[in-house]
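Each chain, letter by letter, is given below.
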Amino acid sequence: MAVTEAQNHLVGENSCGSLLKKLQQIWDEVGESEEQRDEMLLQLEQECLDVYKRKVMHAAKSRAELLQALSHANLQLSTLLSALGQNTFAQIPENTCGTIKEQLAAIAPILEELWQKKEERIREFSDVQSQIQNICGEIAGNLNLSDAPPEVDESDLSLKKLDEYQSELQELQKEKSERLHKVLEFVSTVHDLCAVLSLDFFSTVTEVHPSLNDSTGVQSKSISNDTLDWLAKTVLTLKEDKKQRLHKLQQLASQLIDLWNLMDTHPEERKLFDHVTCNMSASVDEVTVPGALALDLIEQAEVEVGRLDQLKASRMKEIAFKKQTELEEIFARAHIEIDPEASREKIMTLIDSGNVEPTELLDDMDNQIAKAKEEALSRKDILDKVEKWMSACEEESWLEDYNRDENRYNVSRGAHLNLKRAEKARILVNKIPALVDTLVAKTHAWEEDHGMSFTYDGAPLLAMLDEYALLRLEREEEKRRMRDQKKYHELQNTEQETVFGSRPSPARSVSAKKVAGPRANGGANGTPNRRLSLNAHQNGSKSTMKEGKKENVKTAAPVNYVILKEDDASHVSGTEPIPTSP
């Protein structure tokens, strides 16, 4: 209270009225005139008015500055809201009443918060754009990017724009991952191919790009279009090289096997090149063993083939005769008759004369073998049916023997087996006519296609079939004649018994029994021979007549039917005498 009273006392002493009163006292003491006093008072009033004016002008200027600051703050507020993509802000006061300073005080914290949010948003944009810039540089192949961060457009820092950048970044990251996966796949393929081809993997991939070396990290590898293109070309080049080497190695392996087979090379010697022959029939993708297609291995195989070729030349006669034997075996299996002695003499003459290269001779023999195999293949169907026909004829011959055996129904060892065989033989014999017809049709078709006669061991097959048909017809006629004779004898016996009475039948002549020893048409076991000499002019062969041949030809028709007539006749003569007339 004392301080306040002292201040009020000082204010009272220094007020304008007290000062003016004191000034008048001084003027009174001095004796100033009224004019001077009025002039001085007027001057004092003017000075006071100037002070007030200055104060008012300063206050007006301060108010203008505050209004300008408020306007600038409002502009910043709207700019920040627009840049951040916010039309409104929750903390902005809706009413703009209050003094200017109060309005500024209300906006200041909001501006500070928005400025912080803007700075944070700029950092986010800069980070996303930097990543985008780096990935784009990697895809473009420009790994040496400047350290300067990308420029951020501060006029649009909205979350929508940030989401667009982030979506773009995700797409680029996905593309980068896919490209990196492709690069790693290419590098792995190059590694496998280099291993198979025995090439330096590191030098191969570093020629494409230095970052593909295993010493660098995965994320540091180049994923540019140029790198991918070069990797793809490198893989194609290596695959083509692998294909060519495999083809070359397989050719060498085939030559080795052929030469080994020709010269009967020992298995132990062949095992030395198992690493070459093991891929003989393998496809390109199946060859994955490291070093399987190395150039050294191919050169080694080439040297061995050259050595065997020289050895083959020195053993030409032996090899040629071996091929000739193979050719003769093919013809023998195909039942084609040739003159082996003449062929061997011709080979000897060619080799001794030196007029033919060994390789040309062997190639010619290989061509003959190939043609012989083709001809044998074309004859296979007919030959199979010829074998069936001959087997059926053998069964028919056995069945004839079995039917003549009077003791065939006696209980003896193996009788039931013969009975089963006889049943099967009858079924087979009944199929012979259809089989012969099929053979004739197929033989005619073959001869029309090939423009030559189909021979079986030198004899025309059609002539054999015609001969068989004729013999079968004669056999049927002979059987019919014997049945008629038997009926005639039975009739005579009945008449004699009527006249002279019944008497016991005489003992069967020894001639009715089967003569011991081998059959005339077969071996000791009853198997018929498969060759028969016939006169082509006597058997009425249509095929030999078409060919216009007049010499006797050898046929391979089953011969049991020529003997059947004699056997049947002897069987009849052994039981009853044959009358001169029926």
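What you see is a predicted model, and the numbers here were worked out from it, not measured in a lab.

1. Section: the UniProt feature "coiled-coil region" (unreviewed entry) in the chain
When the UniProt feature table is mapped onto this chain numbering, "coiled-coil region" (unreviewed entry) sits at residues 155-182. For residues 155-182, helix accounts for 86% and strand for 0%, while the C-alpha atoms at its two ends are 40 Å apart.

2. A look at the packing of aromatic side chains
Within the structure shown, the criterion is met by six aromatic pairs. A ring pair is formed by Phe125 and Tyr165, whose centres lie 5.7 Å apart and whose planes are at 85°; its orientation type is edge-to-face. Here Tyr165 lies in helix α5 (residues 159-197) and Phe125 lies in helix α4 (residues 100-140), a separation of 40 residues in the sequence. Residue classification places Phe125 among the buried residues on the basis of a relative accessible area of 1%. Its end group placed over the ring of Trp230, Lys233 keeps NZ or CZ at 5.3 Å from the ring centre. Positioned above the aromatic ring of Phe454, the side-chain terminus of Arg379 is 4.0 Å from the ring centre.

3. A word on the pattern of salt bridges
If you walk through the whole model with that rule in mind, you get 24 salt bridges. Residue Asp241 is joined to Arg245 by a salt bridge in which the shortest nitrogen-to-oxygen separation is 3.4 Å. One end of the pair, Asp241, and the other, Arg245, are both in helix α7 (residues 225-263), four residues apart, so they sit about a helical turn from each other. According to the relative accessible area criterion, Asp241 is partly exposed, its value standing at 23%.

4. Things to note about a negative patch on the surface
Residues Glu34, Glu35, Asp38 and Glu39 make up a contiguous surface patch of negative charge. Following the sequence through the fold, Glu35 ends up in helix α3 (residues 34-83).

About the cut-offs
- Residues numbered from 1 in each chain as written.
- Predicted model: local features only at pLDDT ≥ 70, side-chain atom pairs only at ≥ 80, totals over all residues.
- Heavy atoms only, no water.
- UniProt positions renumbered as here; feature names shortened; annotations may be inferred.
- Helix = DSSP H or I, 4+ residues; strand = E, 2+ residues; numbered from the N terminus.
- Phe/Tyr/Trp six-rings, centres within 6.5 Å; stacked < 30°, edge-to-face > 60°.
- Buried < 20%, exposed > 50% of the residue type's maximum accessible area, 1.4 Å probe, protein only.
- Lys NZ or Arg CZ within 6 Å of the ring centre and 35° of its normal.
- Salt bridge = Lys/Arg side-chain N within 4 Å of Asp/Glu carboxyl O.
- Patch = residues over 30% accessible without salt bridge, like charges linked within 9 Å, V, L, I, M, F, W, Y side chains within 5 Å.
- Areas by Shrake-Rupley, 256 points an atom, 1.4 Å probe, with all protein chains shown as cover.
- Lys, Arg positive; Asp, Glu negative; His and termini not counted.
- Charge placed at Lys NZ, Arg CZ, Asp CG, Glu CD.

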